[in-house]
Amino acid sequence: VSWEVDPEISKTPGADEPLLKCNYSIGLGVLLGTTGKKAGGLGGVSNPITLTQVESFRVLELVTDSSELERVGLSRRRMTRLLTPQTQESPMFFHGTNTSVAGVQAAVDQMEEVGFDMFIYSFGSSFNMENTDPAYIAEIAEVVKYANAKGIEVGGYDLICLARGNGSYGGNVGYQWDIMEPDTYKLGPNACFASGWYEKIHEIVLNFFNKTGMSMIETDGPYGGSSCASTNHDHHTGLEDSIYWQNRLQGTFYKDLKELNIFINQPDWYFHHGGNKAPMGYNENQYSLPRWEDLAISRQGMYDDTYHFIPSMGWMFLPLVQYHSGGAAAEFEPLSKHLPEYEWALAQYMGYGVAVVYRGPRLYDTSETKALVHKWVSFYNKYRDILTSDI
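Quantities reported herein were computed from a predicted structural model and do not represent experimental measurements.

Engineer: Got a minute to help me understand a nonpolar patch on the surface in this structure?
Structural biologist: Residues Leu 60, Leu 82 and Leu 83 make up a contiguous nonpolar surface patch of roughly 290 Å² in combined accessible area. Structurally, Leu 83 can be placed in helix H1 (residues 69–83). We classify Leu 83 as partly exposed; its relative accessible area is 41%.

Structure, rendered in structure tokens:
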């Protein structure tokens, strides 16, 4: 099996994965036997390999009887509901940025009042799922217990692979686990998910969930397509099999979480491994635009994406506080000062049946704002079945 890069496709990791070329002729392709030699391919790396069993990729193909957009879209969505039924779960979640004990409890109290379902410790906060300190884990467990008593589930954010390598903003997981760039043989910006990092993050995350009682994870930066030329990593022999094993182990990671009944937000297409939601029409720079421009773009994104997504398998974003930039013109806080935009957002997203990352310290700041949120959450909960059905 050789991986070859199509020169017509962008080299951006994750945007387009390399094409799998398999043939049975002399040269690049597949040779099955008890022993063999990997030669050629990307980088020209040759390594001895013992081949005892090969498990191919699984391909799910939908045959349609029309090229008509609506009919094809309905077929795809029917296939989604049949083969990945967990994508039909549709909790109302809130991304909390005040992750102190008092801040989380205050947010949970608001969520109970207006009918939200799930609190998520947001990115850019003090929350750290990879913190193994028993005192920290015990503190989170108490917060989870408090929320569960009010009917609120709790989850958290973690950056697990992309931007976890050499010189990246997510923090290096360890040089021995960084990808090795195939062109330069230098350490790259991402972690290799077929290195020892896989065991470590797998153990840390499962231990955290088992001890805290959390029931949701948002895994930012799952494996997205980077190759790795290292010959010293635990789960791949070199460059040629690095994409295959990273992809497969990322799928196993999600399967193990799903066996614990964990709800999974994952910004990639791992639905057939247990993922619940992925971004819909999502561009982080959009959320730095003025509020009305942001909402208009999101409305168009939902219209486009629901040709292929069922409403409950995607999420949008609402910057209650500033995300990257944009300042006061982009953020919705103070909420009571921007009621027309806030109500439009609630009506737009809940009316479409699409979950939203409401990211900030609170859902409402006055009794008037509370009434507005309660109004639209009640509408969503009353008509949830029809709102999340196929359009």
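Engineer: What should I look at first to understand the pattern of salt bridges in this one?
Structural biologist: In a structure, side chains of opposite charge can pair up when their charged atoms sit close to one another. Per the counting criterion, the structure on display carries eleven salt bridges. Among the salt bridges present, the one from Asp 109 reaches Lys 150, with a minimum N-O distance of 3.5 Å. With Asp 109 in helix H2 (residues 101–114) and Lys 150 in the loop between helix H3 (134–149) and strand S7 (153–159), this pair connects stretches of sequence that are 41 residues apart. Take Asp 109: its relative accessible area is 28%, and that puts it in the partly exposed class.

Engineer: So what exactly am I meant to see when it comes to unusual backbone geometry here?
Structural biologist: Trans is the prevailing form of peptide bonds, just as negative phi is the prevailing case for residues other than glycine. Residues Glu 333 and Pro 334 are joined by a peptide bond in cis, for which omega reads -10 degrees. Within the element layout of this structure, Pro 334 appears in the loop between helix H7 (327–330) and helix H8 (339–352). Residues other than glycine seldom take positive phi values, yet Asn 261 does so here, at roughly 65 degrees. Structurally, Asn 261 can be placed in the loop between helix H5 (242–259) and strand S11 (263–265). Assessed through its relative accessible area of 61%, Asn 261 is described here as exposed.

Engineer: Would you mind going over the pairing of strand S9 (residues 187–191) with me for this structure?
Structural biologist: Relative to S9, strand S8 (residues 178–180) runs antiparallel, the two being bridged by two bridges. By the bridge assignment, Met 180 is partnered in S9 with Leu 187. Hairpin remark: S8 followed by S9, antiparallel, with six residues in the connecting loop; positive phi at Tyr 185, about 60 degrees.

Engineer: Just checking my understanding: could you explain the packing of H8 against helix H9 (residues 367–382) for this structure?
Structural biologist: To describe two helices that pack against each other, one gives the angle between their axes and the distance between the axes. Following both chains from N to C, one finds H8 and H9 inclined at 10 degrees, their axes separated by 9 Å at the closest point. Taken together, the axis directions place H8 and H9 in an arrangement best described as roughly parallel. Between H8 and H9 lies a crossing whose hand is right-handed. In this structure, H8 contributes Leu 339, Tyr 342, Glu 343, Leu 346, Ala 347, Met 350 and Gly 351 to the contact, and H9 contributes Glu 368, Thr 369, Leu 372, Val 373, Lys 375, Trp 376, Val 377, Phe 379 and Tyr 380. Within the contact of H8 with H9, the residues separate by chemical class into eleven nonpolar, two polar and three charged.

Engineer: Any chance you could explain the side chain of Gln 250 here in plain terms?
Structural biologist: Relative to the elements of secondary structure, Gln 250 occurs in helix H5. Its relative accessible area of 0% is what places Gln 250 among the buried residues. Not counting the four nearest positions on each side in its chain, Gln 250 is found in contact with Ile 160, Phe 193, Pro 222, Tyr 223 and Tyr 270.

Conventions adopted
- Residues numbered from 1 in each chain as written.
- Predicted model: local features only at pLDDT ≥ 70, side-chain atom pairs only at ≥ 80, totals over all residues.
- Heavy atoms only, no water.
- Patch = residues over 30% accessible without salt bridge, like charges linked within 9 Å, V, L, I, M, F, W, Y side chains within 5 Å.
- Areas by Shrake-Rupley, 256 points an atom, 1.4 Å probe, with all protein chains shown as cover.
- Salt bridge = Lys/Arg side-chain N within 4 Å of Asp/Glu carboxyl O.
- Helix = DSSP H or I, 4+ residues; strand = E, 2+ residues; numbered from the N terminus.
- Buried < 20%, exposed > 50% of the residue type's maximum accessible area, 1.4 Å probe, protein only.
- Pairing = 2+ DSSP bridges.
- Axes fitted to C-alpha atoms, helices over the stretch in contact; angles between N-to-C directions.
- Parallel < 35°, antiparallel > 145°, perpendicular 65-115°, else oblique.
- Left-handed = near helix turned anticlockwise from the far one by under 90°.
- Contact = heavy atoms within 4.5 Å.
- Nonpolar A, V, L, I, M, F, W, Y, C, P; charged D, E, K, R; others polar.

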